[in-house]
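One letter stands for each residue in the lines below.
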Amino acid sequence: RIFGMSLLEGARPPQQPLLLGLPLAISFLHVLQGRYAETVEELQAILNAEQREDAPDYRGTSAFLQRSLAESGLEGQLTFSYALPANAGSVELSPGGSEVVATDRTKEQWLKATLWYELVGSLLEAADSFRAGVCEMASATHIVLLSAEDLREAWSGHGVVSDADLEVWKSQTVISPAVAKQAEWFFELLQGELKHVRARVLKFSTGSDRWPVEPRGFHYVIEPLDGGDGALPCAMTCGNMLQLPRYSGREPLRERLCQALDLGMDLALK
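Residues numbered from 1 in each chain as written. Predicted model: local features only at pLDDT ≥ 70, side-chain atom pairs only at ≥ 80, totals over all residues. Heavy atoms only, no water.

> Got a sec to walk through helix α6 (residues 124-137)? Specific residues and values, please.
Compared with the 20 Å implied by 1.5 Å per residue over 14 residues, the 20 Å span of α6 between its first and last C-alpha is a close match. All buried positions along α6 are accounted for by A127, F130, G133 and V134. Along α6, the residues classed as buried sweep out an arc of 125 degrees about the axis, all on the same side. (Helix = DSSP H or I, 4+ residues; strand = E, 2+ residues; numbered from the N terminus. Expected span 1.5 Å × (residues − 1). Buried < 20%, exposed > 50% of the residue type's maximum accessible area, 1.4 Å probe, protein only. Arc of directions from axis to C-beta.)

> Can you lay out the environment of K112 for me, pointing to particular residues and giving the numbers?
Summarising the element assignment, K112 is placed in helix α5 (residues 107-119). Between the alpha carbons of K112 and R59 there is a distance of 10.0 Å; along the sequence they are 53 residues apart. Other than its neighbours up to four places away in sequence, K112 contacts E38, V40 and L43. (Contact = heavy atoms within 4.5 Å.)

> Which residues make up the side chain of R210, and what are the values?
With respect to the element layout, R210 can be found in the loop between α11 (198-206) and β4 (220-225). We note that R210 is buried and unpaired, the nearest opposite charge coming from D209 at a distance of 4.9 Å. A polar contact of 2.8 Å, which involves the side chain of R210, links it to the backbone oxygen of S156. (Lys, Arg positive; Asp, Glu negative; His and termini not counted. Salt bridge = Lys/Arg side-chain N within 4 Å of Asp/Glu carboxyl O. Polar contact = N/O pair within 3.5 Å; in protein donor to acceptor, adjacent residues only side chain to side chain.)

> Could you give me a rundown of a negative patch on the surface, with the residues and numbers involved?
On the surface, E38, E41, E42 and E108 cluster together into a negatively charged patch. Looking at where E108 falls in the secondary structure, it is placed in helix α5. When its relative accessible area of 44% is taken as the criterion, E108 is described as partly exposed. (Patch = residues over 30% accessible without salt bridge, like charges linked within 9 Å, V, L, I, M, F, W, Y side chains within 5 Å. Areas by Shrake-Rupley, 256 points an atom, 1.4 Å probe, with all protein chains shown as cover. Charge placed at Lys NZ, Arg CZ, Asp CG, Glu CD.)

> Describe in detail the side chain of Q243, supporting the description with residues and values.
For Q243, the location among the structural elements is in strand β6 (residues 241-245). The residues contacting Q243, other than those within four sequence positions of it, are E223, P224, L225, P233, C234 and M236.

> Lay out the packing of aromatic side chains in plain terms, naming residues and giving numbers.
Tallying each qualifying case throughout the model produces 12 aromatic pairs. Ring geometry for Y58 versus F64: centroids 5.8 Å apart, planes at 70 degrees, classification edge-to-face. Residue Y58 is classed as partly exposed on the basis of its relative accessible area of 27%. What makes F64 buried here is its relative accessible area of 2%. Judged by centre distance (4.7 Å) and plane angle (55 degrees), the rings of W211 and F218 are tilted. Relative accessible area serves as the criterion here: at 1%, W211 is assigned to the buried category. Assessed through its relative accessible area of 5%, F218 is described here as buried. Counting every residue linked through ring pairs, the aromatic cluster contains W169, F186, F187, W211, F218 and Y220. (Phe/Tyr/Trp six-rings, centres within 6.5 Å; stacked < 30°, edge-to-face > 60°.)

Written out as structure tokens, the structure is:
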């Protein structure tokens, strides 16, 4: 509940919208909106929405139902219970479920029960509390008018900073005249050879690698820092501030910025 309240309270204009460090799961957002999946197909679609293409969940494939459990190497291994994470026990999906082994005849029933608990049932309490917090700060229409995907972007932003986003970033940056040339090189690098690390630079200097869907409240500051070509840039994430030494050219700036980003990764700022 406090999570939902703080997310909405911190995003009230004219403040910069608060963005979650990671996007909420589509399954959680569906439950938050009261859109409960009911069929196996709907449950598999939600499961697959969270999977990487190179690492699909076998339960979300058509092969799970088409093949026998023996062919899938699962014969005798599936029971009507759900193992909780961190060895916290298990939840029975039917009376005495931990002793009931799924067969080819009941595997669809097992799949539906398992996915429903994982993607709906286990999220109900948390979603109800989160919804209550959001509704204390805004009306329920804030939740139901958007699709789950749009709601996730509104709260978590984009994971990629596009060329158009970079132009907005640049236009809404206040630059100290003392480092005007260095700031120009900085944005040129982000437009060109450092395009692939835009999100990392955003994380380094603002605390979040997500770009807001509605960036009107976004602000950024570039200030000078003592030092020359051997000095690293610094950041103050509470103020979206990047501090740049007076580098003599683009190349020293690029080298030291990349070094600072790598050091940030070593400190688990990722």
